[in-house]
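# Observations on the three-dimensional arrangement
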Amino acid sequence: MADDVLFEFLHMEMVSHIYKDQASRGEMEKDRATCVSTLEGMGFRVGQGLIERFTKDSPSFKDDLDVMKFICKDFWINVFRKQIDNLRTNHQGTYVLQDNKFALLTQFSNGKQYLEEAPKYLAYSCGLVRGALSNLGMDCVVTAEVSLMPSCKFQVVIQKI
Amino acid sequence: MAVCIAVIAKEVCSYWAGTKACTPSTCGPAPYTFYLQVFGHFFFSPLFNQNYPLYIRSVPIQNELKFHYTVHTSLDVVEEKISAVGKAMADQRELYLGLLYPTEDYKVYGYVTNSKVKFVIVVDSSNTSLRDNEIRSMFRKLHNSFTDVMCNPFYNPGDTIQSKAFDSMVTAMMVQAS
């Protein structure tokens, strides 16, 4: 019944806890960056574990695009209960995943209100995607941007060594 | 990147017996060799091609080096098979190396997960009762246990596997494989 919101509430508490923790130690300057990377790191580890479970029974992926499609469909459905609405790529290692109604942002607003608070709530999900991809063998950098809530775009840039 | 879980169970009866001497008359049917190794890839090292063992287990400890060597050479074959994926295939790979050494026969089986973790099992060829689908089910169990290890918050990807649950699963598997 209320299953869907359990993770959303946990996530909200996680974010506020991390920020409260940092704020109590002073030093407002470094706070933002370390909070975001803490959240991202948490998402990273969780993403690694999740991928292990989700790909247990599926056949191996043909190429990077196949992996991204898996992330957009099965992974997103399992975590956020819907698919990614739009996947764009330049076929050179950059992918843009667009979610028009991102599950963790739906409660914020339907427009531009609280826009500056949004990045905090996207850090964990960026880490999630980065962890998932890293466990599948793709090192990448994941960033997110929001222009109009609750839609957001995740940009994945695959690092080629 | 390979995760090798090497579990080698050479002689189940000597494993059971511990240090007691084990002869065919006391131990029953001929003991089997069984080696399992798990290789991981999480630690990025440009020197080592990212294949390093996360877990190694062999029942009789003697001749372990020989099995390390066997498994490392078999990793090349595994890499070959992974890079040959041109069409959608199941991620189960089988390596049948046959007679690797002139004195003894070993069958080497490999399995690669989607996260590029490799499991390698080496069994003695005199163990003819281990059929293909039994090996497959062993790999499934290994994969399931490894997934559980990955989801354990106290496990950092890249560490050697210390989980007791994993150990006991491998032990049970080795006993069953005899």
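The notes below deal with the structure included here. Only a predicted model underlies this, so the values are computations on that prediction, with no experimental measurement involved.

### Quick look at the overall build of chain A
Per the secondary structure count, chain A includes four helices and four strands. When the helices and strands of chain A are listed from N to C terminus, the series reads α-α-α-β-β-α-β-β. Relative to its length of 161 residues, chain A is compact, with a C-alpha radius of gyration of 16 Å against a globular reference of 15 Å. Long-range pairs, those at least 24 residues apart, make up 60% of the contacts in chain A with a sequence separation of at least 6. Carbon and sulfur atoms form 53% of the exposed surface of chain A, whose accessible area is close to 8,500 Å². Positive and negative side-chain charges of chain A, numbering 19 and 21 respectively, have mean locations separated by a distance of 2 Å.

### Some points on the overall build of chain B
When helices and strands are counted, chain B shows five helices and five strands. Shown N-terminal to C-terminal, the secondary structure of chain B runs as helices and strands in the order β-α-α-β-β-α-β-β-α-α. Taking contacts inside chain B between residues at least 6 apart in sequence as the whole, the part at least 24 apart equals 67%. Surface accessibility of chain B: about 8,500 Å² in total, with carbon and sulfur atoms responsible for 58%.

### Section: the packing of aromatic side chains
All names here are of chain A. Tallied over the entire structure, the rule returns 10 aromatic pairs over all chains. Taking 4.8 Å as the distance between ring centres and 50 degrees as the angle between the ring planes, the aromatic pair formed by Trp76 and Phe80 counts as tilted. Of this pair, Trp76 and Phe80 both sit in helix H3 (residues 64–80), four residues apart, which is roughly one turn of the helix. Just as Trp76 is buried, Phe80 falls in that class too.

### Here's the deal with the pairing of strand S1 (residues 86–89) of chain A
All names here are of chain A. As judged from the four bridges shared by S1 and strand S2 (residues 94–99), these two strands associate in the antiparallel manner. Looking at S2, one finds that Thr89 is bridged to Tyr95. Linking two consecutive strands that pair antiparallel, namely S1 and S2, is a turn of four residues; a positive phi of about 60 degrees is found at His91 within it.

### Things to note about helix H5 (residues 164–177) of chain B
A rise of 1.5 Å per residue sets the reference length of H5 of chain B, with its 14 residues, at 20 Å; its end C-alpha atoms lie 20 Å apart and thus fit the reference within 8%. In this structure Ser163 of chain B caps H5 of chain B, since a side-chain oxygen of it lies 3.3 Å from the backbone nitrogen of Ala165 of chain B.

### Digging into the packing of H3 of chain A against helix H4 (residues 118–135) of chain A
Residue and element names in this part refer to chain A. Running from amino to carboxyl end, H3 crosses H4 at an angle of 130 degrees, the nearest separation of the two axes being 12 Å. By the angle class used here, H3 and H4 are oblique. Remark: the crossing between H3 and H4 carries right-handed chirality. Residue-level contacts link Val67, Met68, Ile71, Phe75, Trp76, Val79 and Phe80 of H3 to Ser125, Leu128, Val129, Ala132 and Leu133 of H4.

### Notes on the sheet that holds S1 of chain A
All names here are of chain A. Pairing is antiparallel in the open sheet, where four strands are placed in the order S1-S2-S4-S3. The open sheet has two edge strands, S1 and strand S3 (140–148), and neither has a second partner. Each strand axis lies, on average, 20 degrees off the axis of its neighbour in the sheet, ignoring direction. Relative to strand S4 (residues 151–158), S3 is paired through seven bridges, and the arrangement is antiparallel. For Thr143, the partnering residue across the bridge sits in S4 and is Gln155. Helix-sheet contacts for H3 involve S1, S2 and S4, and the interaxial angle to S2 is about 15 degrees. Helix-sheet contacts for H4 involve S3 and S4, and the interaxial angle to S3 is about 150 degrees.

### Thoughts on the pattern of salt bridges
Here the idea is simple: oppositely charged side chains can pair when their charged atoms come close. Residue and element names in this part refer to chain A. Summed over the entire model, instances satisfying the criterion amount to six salt bridges over all chains. Residues Arg81 and Glu8 are paired through a salt bridge, measuring 3.2 Å at the closest nitrogen-oxygen approach. Taken together, the positions of Arg81 in the loop between H3 and S1 and Glu8 in helix H1 (residues 3–23) put the pair 73 residues apart, joining distant regions of the chain. Ionic pairing is found between Lys82 and Asp85, a salt bridge with its closest N-O pair at 3.1 Å. Judged by its relative accessible area of 21%, Lys82 is partly exposed. You can call Asp85 partly exposed: its relative accessible area is 40%. One network of salt bridges, in which partners are shared, links Lys82, Asp85 and Asp99.

### Describing the environment of Gly158 of chain B
Here Gly158 of chain B lies in the loop between helix H4 (132–150) and H5. In this structure the C-alpha to C-alpha distance between Gly158 of chain B and Tyr52 of chain B, which are 106 residues apart in sequence, comes to 9.1 Å.

Cut-offs and rules
Residues numbered from 1 in each chain as written. Chains lettered and ligands numbered in written order. Predicted model: local features only at pLDDT ≥ 70, side-chain atom pairs only at ≥ 80, totals over all residues. Heavy atoms only, no water. Helix = DSSP H or I, 4+ residues; strand = E, 2+ residues; numbered from the N terminus. Rg over C-alpha atoms; globule rule 2.2 N^0.38 Å. Contact = heavy atoms within 4.5 Å. Areas by Shrake-Rupley, 256 points an atom, 1.4 Å probe, with all protein chains shown as cover. Lys, Arg positive; Asp, Glu negative; His and termini not counted. Charge placed at Lys NZ, Arg CZ, Asp CG, Glu CD. Phe/Tyr/Trp six-rings, centres within 6.5 Å; stacked < 30°, edge-to-face > 60°. Buried < 20%, exposed > 50% of the residue type's maximum accessible area, 1.4 Å probe, protein only. Pairing = 2+ DSSP bridges. Expected span 1.5 Å × (residues − 1). Polar contact = N/O pair within 3.5 Å; in protein donor to acceptor, adjacent residues only side chain to side chain. Axes fitted to C-alpha atoms, helices over the stretch in contact; angles between N-to-C directions. Parallel < 35°, antiparallel > 145°, perpendicular 65-115°, else oblique. Left-handed = near helix turned anticlockwise from the far one by under 90°. Salt bridge = Lys/Arg side-chain N within 4 Å of Asp/Glu carboxyl O.

Purely geometric numbers; function is a separate question.
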